[in-house]
Amino acid sequence: MTNYYELLGVGRDASEAEIKKAYRKLAKQYHPDTNQGSEEATRKFKLIHEAYNTLRDEALRQAYDAELIRKATGTSGERQERARGAAPSGGTRKTTKGFNPADIGTDFEQFFGFHPKTKEGSPGKKTKKSGDPTDTSAMFNQFFGIRKK
């Protein structure tokens with residue numbers, strides 16, 4: 001993995017203005033029009049441009065920094081965030097079981113309140129005795145604020 005900070009000659013704490021200044025200097029030096037016919041200069045120019053685009057965007061820069069730390073230390077980014085005292089990427093940590101295709105029917109039944117094959121309501125769930133087990137009119141009315149008079 002290329003270290004974009006070293007490539008641009010700036011520190012990891014460099015401001016956006018410092019990154020821009022370093023990029024412009026190097027881009028001018030390695031621009032294909034300045035170095036006609038040099039494939040090495042063209043390759044380096046593209047790499048410098050990629051580094052600049054990554055480091056100037058705050059979200060891309062944070063993701064790049066996390067990946068750089070992970071590669072350097074050999075640990076996961078989440079572990080690094082916890083070591084720095086930050087919350088994991090998703091905000092609150094939530095543990096979920098892995099995806100199992102055999103559980104799709106059960107998950108469907110828990111979410112919609114009826115079994116997809118038998119169309120019978122789930123035991124323990126209070127459902128309307130209507131012909132359509134997926135009657136969403138109450139939810140629709142609540143969401144859009146439609147009230148029956």
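Cut-offs applied
Residues numbered from 1 in each chain as written. Predicted model: local features only at pLDDT ≥ 70, side-chain atom pairs only at ≥ 80, totals over all residues. Heavy atoms only, no water. Helix = DSSP H or I, 4+ residues; strand = E, 2+ residues; numbered from the N terminus. Buried < 20%, exposed > 50% of the residue type's maximum accessible area, 1.4 Å probe, protein only. Contact = heavy atoms within 4.5 Å. Areas by Shrake-Rupley, 256 points an atom, 1.4 Å probe, with all protein chains shown as cover. pLDDT = per-residue confidence, 0-100. Core = buried A, V, L, I, M, F, W, Y, C linked by side-chain atoms within 4.5 Å. Patch = residues over 30% accessible without salt bridge, like charges linked within 9 Å, V, L, I, M, F, W, Y side chains within 5 Å. Salt bridge = Lys/Arg side-chain N within 4 Å of Asp/Glu carboxyl O. Phe/Tyr/Trp six-rings, centres within 6.5 Å; stacked < 30°, edge-to-face > 60°.

1. Details of the overall build of the chain
- Summing up its helical and strand segments, the chain has seven helices and zero strands in all.
- Helices and strands appear in the chain in the N-to-C order α-α-α-α-α-α-α.
- Here the chain holds 149 residues, and 20% of them are scored as buried.
- Taking the contacts inside the chain whose residues are at least 6 apart along the sequence as the reference set, 38% of them involve residues at least 24 apart.
- When the accessible surface of the chain is totalled, it reaches about 11,900 Å², and 52% of it is carbon and sulfur.

2. A closer look at the confidence of the model for the chain
- Chain-level pLDDT for the chain is 75 on average; 63% of the residues reach the 70-or-more range.
- Across the chain, element-level confidence peaks in helix H2 (residues 16–30) with a mean pLDDT of 93 and bottoms out in helix H5 (residues 77–83) with 50.
- Below pLDDT 50 for its whole length, residues 87–95 participates in eight contacts with residues either more than four positions away or in separate chains.

3. Description of the nonpolar core
- Counting 18 residues, the largest nonpolar core has Leu8, Val10, Ile19 and Leu55 as the members making the most contacts within it.
- At the level of elements, helix H1 (4–8), H2, helix H3 (39–56) and helix H4 (58–73) are the ones that each hand at least two residues to this core.
- Discounting residues that sit within four places of it in the chain, valine 10 has contacts with Tyr5, Glu18, Ile19 and Ala22.

4. Topic: a nonpolar patch on the surface
- Side chains of Phe140, Phe143 and Phe144 sit close together on the surface and give an oily, nonpolar patch of about 390 Å² of accessible area.
- Looking at where phenylalanine 140 falls in the secondary structure, it is placed in helix H7 (residues 137–144).
- Using a relative accessible area of 45% as the deciding quantity, one classes phenylalanine 140 as partly exposed.

5. A closer look at the pattern of salt bridges
- The final tally for this structure, using the stated rule, is four salt bridges.
- With its nearest N and O atoms 2.6 Å apart, the salt bridge here joins glutamate 40 to arginine 43. A residue pair is termed a helical-turn pair when its members lie 3 or 4 positions apart in one helix, as glutamate 40 and arginine 43 do in helix H3 at three residues.
- Between glutamate 67 and arginine 70 there is a salt bridge; the shortest N-O distance is 2.9 Å. Taken together, the positions of glutamate 67 and arginine 70, both in helix H4 and three residues apart, correspond to about one turn of that helix.
- Assessed through its relative accessible area of 26%, glutamate 67 is described here as partly exposed.
- Among the charged side chains, a network of salt bridges with common partners joins Glu67, Arg70 and Lys71.

6. Focus on the packing of aromatic side chains
- Per the counting criterion, the structure on display carries three aromatic pairs.
- Residues tyrosine 5 and tyrosine 64 carry aromatic rings whose centres are separated by 6.0 Å and whose planes lie at 50° to one another, so their mutual orientation is tilted. On the criterion of sequence distance, the pair formed by tyrosine 5 in helix H1 and tyrosine 64 in helix H4 is long-range, its members being 59 residues apart. Judged on exposure class, the residue tyrosine 5 and its partner tyrosine 64 are both buried.
- Ring geometry for tyrosine 23 versus tyrosine 52: centroids 4.1 Å apart, planes at 10°, classification stacked. Taken together, the residues span a long stretch of sequence, with tyrosine 23 in helix H2 and tyrosine 52 in helix H3 at a distance of 29 residues. The residues tyrosine 23 and tyrosine 52 share a single accessibility class, namely buried.
- Taken together, Tyr4, Tyr5 and Tyr64 form an aromatic cluster joined through their ring pairs.

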